[in-house]
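# Architecture at a glance
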Amino acid sequence: MAIDHTLLGMFKKMQERYRLSGDIVTIGVQDVMFSHESGAEFFRERGYQSTPIDEASRTYRKSKAQTVYESIFNVKNPMHMHDLFRMMGFSNVASLDAFDADSPTILHDMNKPIPEQYKNKYDVVFDVGSMEHVFDIKQFVQNCVEMTKPGGTLMIYDALVGWHNECFYNFQTPFFFDVFRANGFEDISVYLNYFPKYHDFGSQKTTWLRFEYGDRPTFRKSNYNTHILFVGRRAKALPEFVVPMQGYYASYYNDFVKAQSKQEGEKTEMSHYMLENMPGPVRALSET
């Protein structure tokens, strides 16, 4: 994935809401889908503060992917992500990648434990589409948690529906709530992003939907991929990483045990995902 104006706009909203500043690290050296001038214009049009990057100190990025983007989408002189986050006021910008072709500041495979020197180090850890490509999900998540300072913010933007044949995994919404709540994260925000499959950087509409635990929205939209954005604050550092149980089933079986202990004749409302996902008319027929 890459950072385009749509994702940048949401990042800025989260930056204001969570008051993000200080040291940031991105998982993966991310392509930026616009130039320094276009980025400055974006901030100016929306009334955001930004720090100008003078021409003498600018850095540019010409990755393999951006060579393709340039020919298809006419993206000229794309800025390096380090400049983008400097423009947004971050004091130090780092990037982590398993491959040295993109010259990350940290060369590391997220299938392996993060070295001690990077633990509790960053005010913001930002993954843009890397987790779906890493086999050892537990280790990846644990690394992200441990890299985030207590009081810092973790942001993950990954595939929910789509990008088939392009990654190891698509993720589901309970994953983000259950895993990160179990590991000391609070003030959690989750959004669904409906993103045109053949994105042309402007003419098709990209939409965001706030998601709360247990919501049942339409996850699939014709000719769109669905991405998920998780944002959470690490409220406390736990002694060790916690492997969670899925909250829905913990609650479901707890309710079932309670129902079994009821006195004969007492009615207990029971819920199940099959019932919750049934269209109204079908559910009405099942209850007759």
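You'll find the structure just up there.
Residues numbered from 1 in each chain as written. Predicted model: local features only at pLDDT ≥ 70, side-chain atom pairs only at ≥ 80, totals over all residues. Heavy atoms only, no water.

## Overview of the pairing of strand 4 (residues 92-97)
- A large share of strand 4 lies buried, amounting to five of its six residues.
- In this structure, strand 4 lies alongside strand 5 (residues 106-107), joined through two bridges in parallel fashion. Counterpart to L96 in the pairing with strand 5 is I106. (Buried < 20%, exposed > 50% of the residue type's maximum accessible area, 1.4 Å probe, protein only. Helix = DSSP H or I, 4+ residues; strand = E, 2+ residues; numbered from the N terminus. Pairing = 2+ DSSP bridges.)

## Quick look at the packing of aromatic side chains
- Tallied over the entire structure, the rule returns 19 aromatic pairs.
- Between F176 and F230 the ring centres are 6.0 Å apart and the planes differ by 25°, which places this aromatic pair in the stacked class. Linking F176 in helix 6 (residues 173-182) with F230 in strand 10 (residues 224-234), this pair joins segments that are 54 residues apart in sequence. Like F176, the residue F230 is buried in the burial classification. (Phe/Tyr/Trp six-rings, centres within 6.5 Å; stacked < 30°, edge-to-face > 60°.)

## Here's the deal with unusual backbone geometry
- Positive phi, close to 55°, is recorded for W163, a residue that is not glycine.
- Note on placement: W163 falls in the loop between strand 7 (148-161) and helix 6.
- Of note, the phi angle at N223 is positive, near 65°, even though the residue is not glycine.
- Along the polypeptide, N223 turns up in the loop between strand 9 (207-211) and strand 10.

## What about the environment of A182?
- Position of A182 among the secondary structure elements: in helix 6.
- The exposure class assigned to A182 is partly exposed, which follows from its relative accessible area of 26%.
- Through-space distance from the C-alpha of A182 to that of P244 is 6.1 Å; in sequence the pair is 62 residues apart.
- In contact with A182, not counting residues within four places along its chain, are L238, V242 and P244. (Contact = heavy atoms within 4.5 Å.)

## Side note on the environment of D215
- Considering the arrangement of structural elements, one finds D215 in the loop between strand 9 and strand 10.
- Between the alpha carbons of D215 and T173 there is a distance of 9.4 Å; along the sequence they are 42 residues apart.
- Among the polar contacts listed, one links the side chain of D215 to the backbone nitrogen of E212, at a separation of 2.8 Å. (Polar contact = N/O pair within 3.5 Å; in protein donor to acceptor, adjacent residues only side chain to side chain.)

## With respect to the sheet that holds strand 2 (residues 23-27)
- Across the sheet, which stays open at both edges, the eight strands sit in the order 5-4-2-6-7-10-8-9 with mixed pairing between neighbours. Edge positions in the sheet fall to strand 5 and strand 9, since each has one partner strand and no second.
- Direction of pairing for strand 6 (residues 122-128) relative to strand 7: parallel, over a ladder of six bridges. Residue pairing across strands places V125 opposite L154, the latter belonging to strand 7.
- Running over the sheet, helix 6 touches strand 7, strand 8 (185-196), strand 9 and strand 10 and is turned about 160° from strand 8. (Axes fitted to C-alpha atoms, helices over the stretch in contact; angles between N-to-C directions.)

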